[in-house]
Amino acid sequence: MARSIVERQDVAPRSPRASVVTTAVSAAICLLVFFQCGLNGEVRADALSKLKPAKLAAIQESLQALRAARRELPLRGPGGEYCANLHVHSAWSHDSRGTIDEIVAAARRAGTQVLMFNEHPADHYDYLQQGHRGIRDGVLLIPGAETQGFLLFPTLSTARMTFAAPQDLADFVRSRGGQAFVSHLEERMDWKVRGVTGVEIYNTHADFKDEQGLVAALKNPFKIFQLSEAFRAFPQEAYSALLDYPRDYLRKWDALCQQAPHTGVSANDAHQNIGLIVRWTGPDRARLEDALGQPLLELDLANLPGAEKLLEGRKVGDTLFELILDRYEFALRHVATHLRMSELTEAAVREALDQGRAFVAFDWMVDARGFDFAAEADGRRWEMGSQPRLPTASDPPANRHAGLSLSAVAPLSTHWKLFRDGQIEEESDGDTLRYRVTQPGVYRCEAWLDVAGQPTIWILSNPIYVRAADP
Ligand SMILES: [Zn+2]
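Residues numbered from 1 in each chain as written. Predicted model: local features only at pLDDT ≥ 70, side-chain atom pairs only at ≥ 80, totals over all residues. Heavy atoms only, no water.

The helix and strand inventory of the protein chain stands at 14 helices and 22 strands. Split into buried and exposed, the 471 residues of the protein chain put 54% on the buried side. Element-wise, carbon and sulfur atoms account for 52% of the exposed surface of the protein chain, whose accessible area totals about 20,200 Å². (Helix = DSSP H or I, 4+ residues; strand = E, 2+ residues; numbered from the N terminus. Buried < 20%, exposed > 50% of the residue type's maximum accessible area, 1.4 Å probe, protein only. Areas by Shrake-Rupley, 256 points an atom, 1.4 Å probe, with all protein chains shown as cover.)

Structure below.
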């Protein structure tokens, strides 16, 4: 079901009283940690310039104006459009505690319809046999693994099999009708693998890793508390502040597409495992835990100014404070792989991914549904991932006159970049792009938005592979 962006972005309003209490609680916890850790109070926030409330407010305001200008587009071409999140981890993975109920609920709030899990395999379970599968609350679940450098969506379990090399594993999965994507490209830029379905062209965790200031801050409980107000007031803007244009990923992808079609997908790499929890453990004791419940520090409540306020109405065992920075809802809304397919089934998802009928969009800014990129000639249409041939003199006269053109449309006026073989071929502004094709090549387009004065990547199409006319 199509839902408006207003619903997708909804964040429960806070009452002024709740705000005062949470601020008081986090201030109290800050003081507590300050005293217990013996920190000297010298905290620099300048490395985290994107997470300043004034900046986040400006981004929010800018996005609200863009969303107001968005219009619904009729879907072009055959089939429907479904938003998928790939590379999702649940409690099956050692580094996540996410239950299927909370992940599905988050997907519904984020407006995506397909959850593709890539669990870390382990001996105690079979990620394919026991993994999440089928429709749940209208969301399609597909099990898979993150292993040996791939996102895998096999059709047969590989749990008890060993493979000499990653290539053999990918070949096995592909030969049985499964999909294999190269994951975390930043760790394997020199990889040479053949015959994969495609590659991650964006990975949230990779994008996060290069945020040096933020990464350093998150190792320090004191600084996490400092960030709490920004994450409370602007949860999506704060989460998505990590977004950078994935230049290196795209360069690698463009090179791979010169050899063979590679479907580009986005990887949410969602774990919900960054944050802090304070739990009341005894009359005078509390415990600081990480987002996975691992103890970090024992706290003495006697040293906490205003402890009574914090404990009011609570009992031993209760959570006194919780701040999770990468909640599933915000991680899933950040980016999605939009699939063009006619029904919400696992077979249709696999087929769309195999064919490259997909695009990647940072829907947290503006809902990208309705975007389209296709080749056209003489009333015929070729979808993303297809391989049209340039017309020749031997074609029927109608084709020769029509030629081949590329067209793209977005639900909002945008800045277009059209790429041919990895190089910018043309840039333009508007809600549509049109281009007459005269040379063969791998064509893909990008749509950019101006967000609070910053050009920001919004949509990445999959390529159309235009082949030379037959000799
Ligand atoms: Zn992962």
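This next bit is on the coordination of the zinc ion. For the zinc ion, the full set of protein donor atoms is H87 (NE2), H89 (NE2), E146 (OE) and D269 (OD), at a range of 2.1 to 2.3 Å. Geometry at the zinc ion is irregular, judged from the four donor atoms that bind it and their angles of 80 to 170° at the metal. Mapped onto the polypeptide sequence, the residues donating to the zinc ion form the spacing pattern H-x1-H-x56-E-x122-D. Here H89 is found in the loop between β1 (80–88) and α4 (100–110), whereas its partner D269 is found in strand β9 (residues 263–270), with 180 residues between them in sequence. (Donors = N, O, S within 2.8 Å, 3.2 Å for Na, K, Ca; no water. Tetrahedral: all angles 85-135°; square planar, octahedral: opposite > 155°, others 65-115°.)

Positionally, R67 belongs in helix α3 (residues 53–69). The charged side chain of R67 is buried without a salt bridge, its nearest counter-charge being E237 at 4.7 Å. (Lys, Arg positive; Asp, Glu negative; His and termini not counted. Salt bridge = Lys/Arg side-chain N within 4 Å of Asp/Glu carboxyl O.)

Right, let's get into the sheet that holds strand β10 (residues 275–282). Strand order in the open sheet formed by four strands is β12-β11-β10-β13, and the pairing between neighbours is antiparallel. A single partner strand is all that each edge strand has here, and the edge strands are β12 (295–300) and β13 (319–324). For this sheet the average axis-to-axis angle between neighbouring strands, irrespective of direction, equals 20°. Here strand β11 (residues 285–290) runs beside β12; their pairing, made up of five bridges, is antiparallel. In the strand pairing of β12, E289 is matched with P295. (Pairing = 2+ DSSP bridges. Axes fitted to C-alpha atoms, helices over the stretch in contact; angles between N-to-C directions.)

In a regular helix each residue adds 1.5 Å, so 17 residues correspond to 24 Å; α3 covers 25 Å between its end C-alpha atoms and thus fits that length. Of all the residues in α3, the buried ones are L56, S62, L63, L66 and R67. Viewed end-on, α3 has its buried residues packed into an arc of 140°, placing them on one side of the element. Of the residues in α3, the exposed ones pointing more than 90 degrees away from the buried face are A54, E61, A68 and A69. (Expected span 1.5 Å × (residues − 1). Arc of directions from axis to C-beta.)

Of note in the backbone geometry, D421 takes a positive phi value of approximately 50° without being a glycine. With respect to the helices and strands, the residue D421 is situated in the loop between β18 (404–420) and β19 (423–437). On the basis of relative accessibility, which here comes to 27%, the residue D421 falls in the partly exposed class. Here A452, not a glycine, exhibits a phi torsion of approximately 50°, which is positive. Mapping A452 onto the fold places it in the loop between β20 (441–451) and β21 (454–461). Given a relative accessible area of 42%, A452 falls into the partly exposed group.

Counting buried positions over the eight residues of β21 gives six, a clear majority of the element. Here β20 folds back onto β21, and the loop between the two strands holds two residues, one of which, A452, carries a positive phi near 50°.

This part is about the pattern of salt bridges. Once the charged atoms of two side chains with opposite charge are near each other, the side chains can pair. Going through the model one piece at a time under the given rule, you end up with 26 salt bridges. The shortest N-O distance in the salt bridge between R327 and E322 comes to 3.1 Å. Judged by its relative accessible area of 29%, R327 falls in the partly exposed class. Accessibility expressed as a relative area gives 38% for E322, which makes it partly exposed. Put simply, D372 and R340 hold a salt bridge, and the shortest N to O gap is 3.5 Å. Here the residue D372 occupies a position in strand β16 (residues 372–377), and R340 occupies one in strand β14 (residues 336–341), the gap between them amounting to 32 residues. Note on accessibility: D372 and R340 belong to one class, buried. Connected through salt bridges with shared partners, the residues R70, E72, D367 and R369 form a single ionic network.

With that settled, the discussion passes to the environment of D137. Among the secondary structure elements, D137 is positioned in the loop between β3 (134–136) and β4 (139–142). Between the alpha carbons of D137 and A105 there is a distance of 8.3 Å; along the sequence they are 32 residues apart. If we ignore the near neighbours within four places in the chain, the residues touching D137 are V104 and R108. (Contact = heavy atoms within 4.5 Å.)

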